[in-house]
Amino acid sequence: MTETVKIVGDNLTLDLILWRKHGLRGLALIEEAMKLNPKLIGVYVPVGTDVVLPDLPAETVQAREVVTLFG
């Protein structure tokens, strides 16, 4: 499910908005966010713009072998 946010600050870029929302994993969503917001032009998102942010894909959990140092 996507989320729509209204930009209230100056000099915000789409990658910074995604990073603030999802952390480092959010940077992988820039292309998808551009598809959801085709009217965004330029580097900075204008104040008052509604931006649709994609959700992070579900994380796949990988089993890891437990290593013990003592015994």
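Basis of the calculations
Residues numbered from 1 in each chain as written. Predicted model: local features only at pLDDT ≥ 70, side-chain atom pairs only at ≥ 80, totals over all residues. Heavy atoms only, no water. Helix = DSSP H or I, 4+ residues; strand = E, 2+ residues; numbered from the N terminus. Salt bridge = Lys/Arg side-chain N within 4 Å of Asp/Glu carboxyl O. Buried < 20%, exposed > 50% of the residue type's maximum accessible area, 1.4 Å probe, protein only.

J.: An account of the environment of Glu32 is requested, with residue identities and associated values reported.
T.: As for its position among the elements, Glu32 is in helix α2 (residues 30-36). Sequence separation between Glu32 and Thr68 is 36 residues, and the spatial gap between their C-alpha atoms is 41 Å.

J.: Which residues make up the pattern of salt bridges, and what values do they have?
T.: A full pass over the atoms with the stated rule returns 3 salt bridges. Ionic pairing is found between Glu3 and Lys21, a salt bridge with its closest N-O pair at 2.7 Å. Within this pair, whereas Glu3 is found in strand β1 (residues 3-6), its partner Lys21 is found in helix α1 (residues 14-22), the two being separated by 18 residues in sequence. Across the salt bridge formed by Glu31 and Lys35, the nearest N and O atoms sit 3.9 Å from each other. Taken together, the residues span about one helical turn, with Glu31 and Lys35 both in helix α2 at a distance of 4 residues. Grouping residues by exposure puts Glu31 and Lys35 together as exposed.

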